[in-house]
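Each chain, letter by letter, is given below.
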Amino acid sequence: MTVQTIFSRPDSLRECSTHYCPGCTHGISHRLVAETLDELNLRERAIGVAPVGCSVLAYKYFNCDFAEAAHGRAPAMATGMKRCKPDNIVFTYQGDGDLASIGMAEIIHSANRGEKITVIFINNAIYGMTGGQMAPTTLPGQVTSTCPFGRDVNQAGYPIRVAELLSTLATPSFIARGRLDNPMGVASAKKLIRQAFQYQVEGRCFSLIELVSTCPTNWGISPQKALDWSRTDMLPFFKTGVFKSPDDDLPAFKSPEFAGVK
Amino acid sequence: MPMIKVYKDQCKGCELCVHACPQQILGMTDELNAKGYFYAQMVDPGRCIGCAICGVICPDWAIEVGVQGTRYVLFEY
Amino acid sequence: MARVLMKGNEAIAEASIRAGCRHFFGYPITPQSEIPEYLAKRYVECGGTYVQAESEVAASNMIYGAASTGTRVFTSSSSPGISLMSEAISYIAASELPVVLVNIVRAGPGLGGILPSQGDYWQATRGMGHGDFRILALAPSSVQEAADLVVEAFDLADKYTNPVMVIGDGIIGQMMEPVEFKAERDPSTLPKHEWALTGARNREPNIVTSLYLDPHELEAMNQRLYVKYQQMEREEKRWEDYKIKDGMQLCVFAWGTVARICKTAIDELNNEGYTIGLVRPISLYPFPMEAVKAAADKAEKLMSVELSTGQMIDDVKLATGRDCAFYGRQGGIVPGPDEVKKEMVKVIEGERS
């Protein structure tokens, strides 16, 4: 009987090694996006936007058109692309510093304008590429190189929950958070990513999928322990689930009388 | 009879597959690959069920899973 | 094509449509808000895109994204907003993409005022962003010229795959003059770019980036840019000579609307027996070094008149290797011809420098 390959590298990923650290969940997230592009047959229509962060070199790993954005500006670049090329599938792939710090205005406003793009948000509670500094998503008491005594909520405030934040906007969108700490979590994260891209194929709405991820190197623990820490410490604060869906009931003030110009 | 292929020079020795395998039949070699990592290997091929969980958790797309006939699908992927 | 009386800002906006551009990403700021307001209506009427971004930072990155898809794109702002765009303009120049931007200069620095100024000359010609790059900067002195230069700017941007700026002052933006639109470009006839991000169908993926971690690759990119700028210096210098002749007592250098004020002053003084000429650079970068020197060689004294404390004067001195007198007003104050006449006479009589 012939051997049938049931799992292998997707076409939307190049045959190459990445520079990511051993056990870094970037690799898993990249693969989930690439598998989705393959399964929905989007590779030839896709345009990705890479951030500044560990995944600044994402354009070397994906096998589709790609641009490199300035720090935090990927949603703005994606807006420009999607408005000019509405038939292309435009997605950004961003980390916590890029999206939740310097890029906060850009992500809120692209979501609020309802740009028909897909955003993959990698939340690993730290700044990876620059060597492990505090991020807007760093947990209270978590030690990083710029909060060596642990994040002090009296000085730095609490972590920002981007998925919840964006879900309060009135414009319809698909906002969800997934987990990568175990294989079943990875499978359900993939479902969320697939739904997000499906909405873009339908030209329906803005999507953001936040993925609770790890940074073994800067957290200072082994890859498996990092997955475990993301489960025990991050998930209680960054809950998984769908926070907003374009099929949600519209709030009252969006009734036709208020809708204005159609 | 399911079988996995580890692309050894792609592997970075993170050991996530070793922990994730439900049959616990993966281990690390004591030989270094071209990058200087100990890489993953199948320790007990006879007990592989072809669930591909090792492939799913691998961050380096270093594992390919092949089956001949039956395989276990532990969850939809 | 008929001549219409139009406000400068609106003429600039309409010119972008005639150039075949259909996508605008911008932000309101005095004194150029009429540009986004006009295009909010017209681009939508033409089936294009108007996006009011959340800031100039976002707008400039949106045009970065739009340009990366090989689409003609346009934005406009005024001094403080242009500062916010510096980051993206550096990235756009490094990524070698075409964009056209318009700066309707207001008085600065800082939040400053909303009245006209020429204080962004250094920014446009030298300091548009970090790194070793330049933008092609064109300075109109009338609404008609602004409309013509905007259309040309799109073609120049495509030719050099570099940002091109049309820089005017608040007067150009706000005044109304007759204008005739000579071009009518259909977007579907515009050139296609093979480097554009359009989806990797039947080709290798394209990458648009300004990231070059390898120093040799980065040096090569800098060299590519340098070659482009050298070509600009050979082919794109523009200027206007006004009453330049041998044996001038004074040669005046001014750009934009200040040149018009100086021309009036010069006309009146020449009628009174003086011999004064003027060179009006139209391309601020590449600065018409040779033309400035040629005119200066025919004059006893040189003078630069600007709405600043003296920025273009640096280039005049570089071009001529000589001392140059300066007169300027700041804060948004625009001198009238009588005021400028007095100062020109003082320079000629040796009472000021």
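A quick note: this is a predicted structure, and the numbers were derived from the prediction, not measured.

## Re the interface of chain C and chain A
The interface of chain C with chain A comprises 32 residues on the first partner and 29 residues on the second. Among the secondary structure elements, those contributing two or more residues to the side of chain C that touches chain A are β2 (23-26), β3 (49-52), α3 (56-68), α4 (79-95) and β9 (207-208) of chain C. A per-element tally of the side of chain C that touches chain A places α3 of chain C first, with eight residues. Of the residues belonging to the side of chain C that touches chain A, the class tally is 16 nonpolar, 13 polar and three charged. In the sheet, strand β3 (residues 65-68) of chain A pairs with β9 of chain C via two bridges, with the strands oriented parallel. For A67 of chain A, the partnering residue across the bridge sits in β9 of chain C and is V208 of chain C.

## Quick look at the domain arrangement of chain C
All names here are of chain C. Taken domain by domain, chain C comprises domain 1 (4-235) and domain 2 (240-348). Between the C-alpha centres of domain 1 and domain 2 there is a distance of 28 Å. The partner domain 2 presents 23 residues to the 25 residues of domain 1 that form the contact. Put simply, the parts of the chain that give the side of domain 1 that touches domain 2 at least two residues each are α5 (121-125), β6 (136-138), β7 (163-169), α7 (170-174) and α8 (215-235). Among the elements that make up the side of domain 1 that touches domain 2, the one with the highest residue count is α5 (four residues).

## Observations regarding unusual backbone geometry
With omega at 5°, the peptide bond leading from T30 of chain C into P31 of chain C counts as cis. Residue P109 of chain C is bonded to the preceding G108 of chain C through a cis peptide linkage, with omega at 0°. Along the polypeptide, P109 of chain C turns up in the loop between β5 (99-105) and α5. In this structure, Q24 of chain B takes a positive phi of about 50° despite not being glycine. Note that Q24 of chain B resides in the loop between α1 (16-20) and β2 (26-32). With phi around 55°, K243 of chain C is a residue other than glycine that occupies positive phi space. Inspection of the secondary structure puts K243 of chain C in the loop between β10 (239-242) and β11 (248-253).

## Some words on helix α1 (residues 26-39) of chain A
Residues and elements named next belong to chain A. The end-to-end C-alpha distance of α1 is 20 Å, a good match for the 20 Å that 14 residues give at a rise of 1.5 Å each. Counting buried residues in α1 gives twelve out of 14 residues, a clear majority hidden from the surface. H26, G27, I28, S29, H30, R31, L32, V33, A34, E35, T36 and L37 are the residues of α1 that are buried. Where the residues of α1 are buried, they touch β2 (46-50), β5 (118-123), α7 (183-201) and β7 (206-212). The first or second residue beyond α1 is N41, which carries a positive phi of 60°.

## Brief notes about the interface of chain A and chain B
Taken residue by residue, the interface counts 28 residues in chain A and 28 residues in chain B. Here the side of chain A that touches chain B gets five residues from one element, more than from any other, and that element is α7 of chain A. Grouping the amino acids of the side of chain A that touches chain B by side-chain chemistry returns 15 nonpolar, ten polar and three charged. Where strand β1 (residues 4-7) of chain A and strand β4 (residues 63-67) of chain B come together, three bridges link them in antiparallel fashion. Note on β4 of chain B: the bridge partner recorded for T5 of chain A is G66 of chain B.

## Thoughts on the sheet that holds strand β12 (residues 276-281) of chain C
All names here are of chain C. Taken together, five strands build an open sheet; the order of strands is β10-β12-β11-β14-β15 and the sheet is mixed. Taken across any chain shown, the strands that pair with only one partner, and hence form the sheet edges, are β10 and β15 (325-328). Ignoring strand direction, the axes of neighbouring strands in this sheet form an average angle of 20°. Here β11 pairs with β12 via four bridges, running parallel. Bridge pairing in β12 places V252 opposite L278. Set on the sheet, helix α11 (residues 312-320) makes contact with β11, β14 (299-306) and β15; between it and β14 the angle comes to about 155°.

## Details of the nonpolar core
Ranked by size, the top nonpolar core spans 220 residues in total, and within it C54 of chain B together with V150, V252 and C262 of chain C carry the most contacts. With eleven residues, the top contributor of residues to this core is helix α6 (residues 143-160) of chain C. The contact partners of C262 of chain C, leaving out residues within four places of it in the chain, are V252, A254, L278, V305 and V340 of chain C.

## A few points about helix α2 (residues 34-45) of chain C
Helical periodicity: at 3.6 residues per turn, an α-helix aligns residues three or four positions apart in one direction. All names here are of chain C. An ideal rise of 1.5 Å per residue puts 16 Å on twelve residues; α2 measures up with 17 Å between its terminal C-alpha atoms. Three or more residues of α2 are buried, namely E34, I35, P36, Y38, L39 and Y43. The inward-facing, buried residues of α2 abut β1 (4-7), α1 (8-18), β2, β3, β4 (74-77) and β5. Backbone geometry just downstream of α2 places G47 in the positive-phi region, at approximately 80°.

## What to know about the pairing of β2 of chain A
Residues and elements named next belong to chain A. The buried count for β2 comes to five of five residues, which makes it a mostly enclosed element. Judged by which residues are buried, β2 turns out to be covered on both faces: A46, G48 and A50 on one side and I47 and V49 on the other are all buried. When β2 meets strand β4 (residues 89-95), the two strands line up parallel, connected through four bridges. Bridge assignment links G48 to a residue of β4, and that residue is F91. Alignment of β2 against β3, held across four bridges, turns out to be parallel. Directly across from I47, in β3, lies its bridge partner D65.

## Description of the pairing of β15 of chain C
Residues and elements named next belong to chain C. Bridge count between β14 and β15: four bridges; the pairing is parallel. In the sheet register, M303 faces β15, and the bridge partner there is A325. In this view, the connection linking β14 to its parallel neighbour β15 by way of α11 has right-handed handedness.

## As for the environment of T29 of chain B
Residues and elements named next belong to chain B. On the secondary structure map, T29 appears in strand β2. For T29 and I63, which are 34 residues apart along the polypeptide, the C-alpha to C-alpha distance reads 15 Å. With residues near it in sequence (within four places) discarded, T29 still touches F38, Y39 and Q41.

## What about the environment of F75 of chain B?
Looking at where F75 of chain B falls in the secondary structure, it is placed in the segment after β4. Accessibility expressed as a C-beta count within 10 Å gives 12 for F75 of chain B, which makes it exposed. As a C-alpha pair, F75 of chain B and C51 of chain B span 24 residues in sequence and 8.5 Å in three-dimensional space. Beyond its immediate sequence surroundings of up to four residues, F75 of chain B is in contact with M184 and A187 of chain A.

Parameters at a glance
- Residues numbered from 1 in each chain as written.
- Chains lettered and ligands numbered in written order.
- Predicted model: local features only at pLDDT ≥ 70, side-chain atom pairs only at ≥ 80, totals over all residues.
- Contact = placed C-beta atoms within 7 Å.
- Helix = DSSP H or I, 4+ residues; strand = E, 2+ residues; numbered from the N terminus.
- Nonpolar A, V, L, I, M, F, W, Y, C, P; charged D, E, K, R; others polar.
- Pairing = 2+ DSSP bridges.
- Domains from an automatic or database assignment.
- Expected span 1.5 Å × (residues − 1).
- Buried ≥ 20, exposed ≤ 12 C-beta atoms within 10 Å, placed from the backbone.
- Axes fitted to C-alpha atoms, helices over the stretch in contact; angles between N-to-C directions.
- Core = buried A, V, L, I, M, F, W, Y, C linked by C-beta atoms within 7 Å.
- Right-handed = clockwise from strand over helix to strand, strands pointing away.

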